[in-house]
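Topology and contacts: notes
So you can see what is in the structure, the chains are spelled out below.
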Amino acid sequence: MFTTFKYRRQIAVLVALAMVASVLVAAPAVAADDDPKADYTADFSACIGDAGDSSGFEDVPASHASAGSIDCIAYYGITQGTSATTYSPSMSVTREHMALFLTRLAALVGIEMASDPADAGFEDISELSAESQTAINQLADLGITQGTSETTYSPADAVTRGHMALFISRLMDNMTPIGGDDSAWGHTPSDVVEDEANDIAVGSPFTDLGSVTKSTYDAITALWELGVASGINATSYAPQASITRAAMADFMAGVLNHSNARPAGVSMQAEDTEALGSVTADIVVSYRDDSFTPMVDISLAIFTASDASGTGNSPFSDTGKCTSESACEWTDSDFLTNAAGNYVVEGASIATTNAAGDGTGNLMNSETWYAWVGDEDNTDFVMGSSGEASVTLTANPNALGIRVTTDLNANASTVHYGKDQSVVITAQLVDEVSTSTTIADANAVPKAGVSLAVTYLIGGTAANPAPDPVKTDADGMATFTITHPGDEDDETDDDNRNDTVTFSGNVDDDEGDTAETGQIVVVWSDDAPAISSSSSSVDSPYAVVDDDEVSIRATVSYFDQFGNGDAQGEDVTVTFTSTNTGAGNVQAKTVEVRSNGSVSTRGVVTAEPGNTVAVTFSDVGGQTGTERSVIAVEHANKRDITTAATAVTVYADDDRFRYTADDADSGAETGDLYSYDGDDVYILDGQSSDMDAFETAIKGGAHVQVVVYSPDGASIFSAESQ
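Along the protein, the regular secondary structure elements total nine helices and 31 strands. Against the globule reference of 27 Å for 722 residues, the protein gives a C-alpha radius of gyration of 34 Å, more extended than a compact globule. Across the 722 residues of the protein, 44% fall into the buried class. Within the protein, residue pairs in contact and separated by at least 24 positions form 70% of the contacts whose partners lie at least 6 positions apart. As displayed, the protein has an accessible area near 33,900 Å², and 46% of this comes from carbon and sulfur atoms. Side-chain charges in the protein split into 28 positive and 111 negative, and the spacing between the mean points of these groups amounts to 8 Å.

Dropping the structure here:
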């Protein structure tokens, strides 16, 4: 049971500080770095797998900011809570309890401690439990604490956040990080140094450290750089405040991440799991016994999904076994763990691919690695039953081009002269080359920090001075604003002026390539408005047949060169024509254009599932709306069917799809509309999947097999990437 202590006044604060710090020296300037960055964070986490499961404390809901850390240290046995069901996250930590927490942490991270340490000479701990006395003497033996005086430890005093940083910093400098002292995967405070060559500056965002000692300042700064310590807000560390049990859990989980501590059984992590264009990373596989002790010279079976698939697309059968079983088998000579209980797969790599999947192109590509441990009586891998661990590397589409747009009305081709009229021009990195015909619909690439040179021609003359380069933000965007001086004389007709803005830069990081460019021309004019463009749409690309008819709403709009609605009062004829040869397959409706320049009308024509309906618009002011096409469909009602994997047209907003062509042998018909939802079962490339992944795959061109279809129940859909 947790014991509540009556906290004494900290009358020995000055003495304690004198002993904790080597000398009372004013800390460096308290102003925070302009943009501090933690440069020495851990590459891996100790709080994965079972260590990430809920600890069940009723006062730590999943929404609590420190829930993950509290669950983690409870899993590793650092804390048992303040009762069987409570953790008391807001309670302060006493120096006695801190000693218990720290010694348990030290044991987990591989720090050797004397089981019967020498008496540190503290005269105020004799009434404590034997466990607490041992823990306090162990910390003193390791040099983690010197007490509040030569003869006192003050076990009931609350631990301040400043002192906690000192304790944690000293503890970490006693441990060996994962991968060894020279590893880049984990670090200790002694690793935190300035490194101009690699653009590493040591600092923190905290502005309230002016009154702490230099050793405390250094400890707080180092722990922030390690990603172990955080403040009570963005700029305040509050070194004199008592540390809460929640904050203590965050500190200790951060230490575990840098250490060699890992959950029981097999765990697997990669330095990086995602990157643009390609990703190359070391994968660390760890094996620990039930006491979290690293297991040495243990044989692991390590394989990839492509290994497991053999020559087929599906790596696992319905029973969970590999399609190529020999690739997944365990033997007593595979991949032996090292002295730290780990095995390192060096330089695992994957790159973006194309639709054919041959390793070239710029489509998202991923590969999953698996690891498991068997024995002489269990050499066959079965997904979900072999205690396996996995990690997936994903190469996301790289930036290949620059799409340039303005903040003008989407229908504007010209900007009207006006005093100080400005236009914001945006460069967006995209996954298509700038010269591609699909650049307008290319996917945005969130690539930050790409430098783009800006060339600005004002009516054909280069701006002087030339604009400074711009850098893309986290969304892969950069902006540049141009301003027209305006027309001083409203009576004068000015000539049109074309301003050209060009962005250029090495967006794909290929030093051998020429820079990509993206350009836009802004036309300034004071010409009278005139109809110059139109746009048309239908309410849906499909229409459900009802009593042998379909109902379709069509809209057409007309705009002047400045993007404003135009053609008010003009008549436009909208014609709906079905491929059905029966009566009523054509309807024409003439409607007057409204003041906003648009017309919307509904047509009803006869149709059968699979028929198409063409929607056409008459000419208005020299502009004709683009013809639209709608397919007539009916809701599929087949149950327990199997159709071949066939290409589909996806209506993702409605969670529906239809086949692109009839196939009598498989039962696929273009007029059948299939619906899917979160209750259905999805198989993607032979593996169990979810609705989001399924939808992404079929939008990308995957072929779909309807295994079981139940309009009102659970359906089963299988998709194969092409």
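Moving on, we get to a negative patch on the surface. Together, Asp546, Asp547, Asp548, Glu549 and Glu608 make up a region of like negative charge exposed at the surface. Within the secondary structure, Asp546 is located in the loop between β18 (542-544) and β19 (549-560).

What the three strands build is an open sheet, ordered β8-β10-β14; its pairing is antiparallel. Strands with a single pairing partner mark the edges of an open sheet, and in this sheet they are β8 (401-406) and β14 (477-484). This sheet shows a mean twist of 25 degrees between the axes of neighbouring strands, independent of strand direction. Pairing between β8 and strand β10 (residues 421-430): six bridges, direction antiparallel. By the bridge assignment for β10, Thr406 is matched with Ile425.

What follows is about the sheet that holds strand β6 (residues 365-372). Here four strands make up an open sheet; going across it, the order is β2-β7-β6-β4 and the pairing mixed. Each edge of the open sheet is held by one strand with a lone partner, namely β2 (274-276) and β4 (301-304). Strand-to-strand, the axes of this sheet are offset by a mean angle of 15 degrees, without reference to chain direction. Taken together, the seven bridges between β6 and strand β7 (residues 389-396) define a ladder with antiparallel strand orientation. Within β7, the position partnered with Ala371 by the bridge is Ala389.

Before going further, it helps to examine the packing of helix α5 (residues 161-172) against helix α7 (residues 245-258). What describes two packed helices is the angle between their axes and the distance between those same axes. Where α5 contacts α7, the two axes come as close as 11 Å, and the packing angle between them is 20 degrees. As judged from the angle between their axes, α5 and α7 are roughly parallel. The handedness of the crossing between α5 and α7 comes out as right-handed. Facing α5, whose interface residues are Arg161, Met164, Ile168, Leu171 and Met172, α7 presents Ala247, Met248, Phe251, Met252, Val255 and His258.

A few words on helix α9 (residues 691-699). Buried within α9 are the following residues: Met691, Phe694, Glu695, Ala697 and Ile698. Mapping the buried residues of α9 onto a view down its axis gives an arc of 160 degrees, with all of them on the same face. The exposed residues of α9 that point more than 90 degrees off its buried face are Asp692, Thr696 and Lys699. Along its buried surface, α9 packs onto β25 (648-651), β26 (656-659), β28 (681-684), β29 (687-689), β30 (703-708) and β31 (716-720). Count one or two residues on from α9 and you reach Gly701, which has phi positive near 110 degrees.

To continue, consider the nonpolar core. Grouped together as the largest cluster of nonpolar side chains are 66 residues, with contacts concentrated most on Leu102, Leu105, Met164, Ile168 and Leu256. Put simply, the parts of the chain that give this core at least two residues each are α2 (67-75), α3 (95-108), α4 (130-142), α5, α6 (214-225) and α7. Examining the composition of this core, we find that eight residues originate from one element, α3, more than from any other. Setting aside residues no more than four positions away along its own chain, Leu105 makes contact with Ile78, Ile168, Leu171, Met252, Val255 and Leu256. Counting 30 residues, the second largest nonpolar core, distinct from the first, contains Val266, Met268, Ile283 and Ala301.

As a further point, take the state of the cysteines. Counted according to the given criterion, the structure contains two disulfides. Between the sulfur of Cys47 and that of Cys72 lies a disulfide, 2.1 Å long from S to S. Negative torsions about the S-S bond denote left-handed disulfides, and the value of about -80 degrees found for Cys47 with Cys72 makes this one left-handed. Separated by 25 residues along the polypeptide, Cys47 in the loop between α1 (13-20) and α2 and Cys72 in helix α2 bring together distant segments of the chain.

With that settled, the discussion passes to the pattern of salt bridges. Across all of its chains, the model carries six salt bridges by this definition. We note a salt bridge from Arg497 to Asp499, for which the minimum N-O separation is 2.6 Å. Exposure class is identical for Arg497 and Asp499. Each is buried. A salt bridge links Asp539 to Arg602; the nearest nitrogen and oxygen atoms lie 3.9 Å apart.

Let's shift gears to the side chain of Asn580. Turning to its location among the elements, Asn580 is positioned in the loop between β20 (571-578) and β21 (586-592). Beyond its immediate chain neighbours, meaning those up to four positions away, Asn580 contacts Asn585, Thr606, Ala607 and Asn611.

Take the packing of α3 against α5 next. Contact geometry of α3 with α5 gives a least axis separation of 11 Å together with a crossing angle of 20 degrees. Put simply, α3 runs roughly parallel to α5. The chirality of how α3 crosses α5 is right-handed. Of α5, the residues touching α3 (which contributes Arg95, Met98, Leu102, Leu105 and Ala106) are Met164, Phe167, Ile168 and Leu171. Class assignment of the residues belonging to the contact of α3 with α5 gives a composition of eight nonpolar, no polar and one charged.

Moving on to the packing of aromatic side chains. Summed over all chains, the structure comprises 27 aromatic pairs. Between Phe122 and Tyr153 the ring centres are 5.6 Å apart and the planes differ by 45 degrees, which places this aromatic pair in the tilted class. In this pair, Phe122 is assigned in the loop between α3 and α4 and Tyr153 in the loop between α4 and α5, connecting sequence segments 31 residues apart. Tyr153 matches Phe122 in its accessibility class, with the two residues each being buried. The rings of Phe657, Tyr659, Tyr674, Tyr676, Tyr682, Phe694, Tyr709 and Phe717 are connected pair by pair, giving a single aromatic cluster.

Mapped onto the elements, Tyr674 comes out in strand β27 (residues 672-675). By relative accessible area, which is 0% here, Tyr674 ends up buried. Considering only alpha carbons, one finds Tyr674 and Pro711, 37 residues apart in sequence, at a separation of 8.1 Å.

Across the two faces of strand β23 (residues 612-617) the burial differs, with Val613, Val615 and Phe617 buried and Thr612, Ala614 and Thr616 not buried at all. Looking at chain direction, β23 and strand β24 (residues 628-635) are connected through four bridges and run antiparallel. The partner of Thr612 across the bridge, within β24, is Ile631.

This part takes up α2. Those residues of α2 that sit buried are Ala67, Ser69, Ile70, Asp71, Cys72 and Ile73. Where α2 is buried, its residues meet α7.

Here is what the cut-offs are and how they apply
Residues numbered from 1 in each chain as written. Predicted model: local features only at pLDDT ≥ 70, side-chain atom pairs only at ≥ 80, totals over all residues. Heavy atoms only, no water. Helix = DSSP H or I, 4+ residues; strand = E, 2+ residues; numbered from the N terminus. Rg over C-alpha atoms; globule rule 2.2 N^0.38 Å. Buried < 20%, exposed > 50% of the residue type's maximum accessible area, 1.4 Å probe, protein only. Contact = heavy atoms within 4.5 Å. Areas by Shrake-Rupley, 256 points an atom, 1.4 Å probe, with all protein chains shown as cover. Lys, Arg positive; Asp, Glu negative; His and termini not counted. Charge placed at Lys NZ, Arg CZ, Asp CG, Glu CD. Patch = residues over 30% accessible without salt bridge, like charges linked within 9 Å, V, L, I, M, F, W, Y side chains within 5 Å. Salt bridge = Lys/Arg side-chain N within 4 Å of Asp/Glu carboxyl O. Pairing = 2+ DSSP bridges. Axes fitted to C-alpha atoms, helices over the stretch in contact; angles between N-to-C directions. Parallel < 35°, antiparallel > 145°, perpendicular 65-115°, else oblique. Left-handed = near helix turned anticlockwise from the far one by under 90°. Arc of directions from axis to C-beta. Core = buried A, V, L, I, M, F, W, Y, C linked by side-chain atoms within 4.5 Å. Disulfide = S-S within 2.5 Å. Nonpolar A, V, L, I, M, F, W, Y, C, P; charged D, E, K, R; others polar. Phe/Tyr/Trp six-rings, centres within 6.5 Å; stacked < 30°, edge-to-face > 60°.

By themselves, these observations are geometric and do not establish any function.
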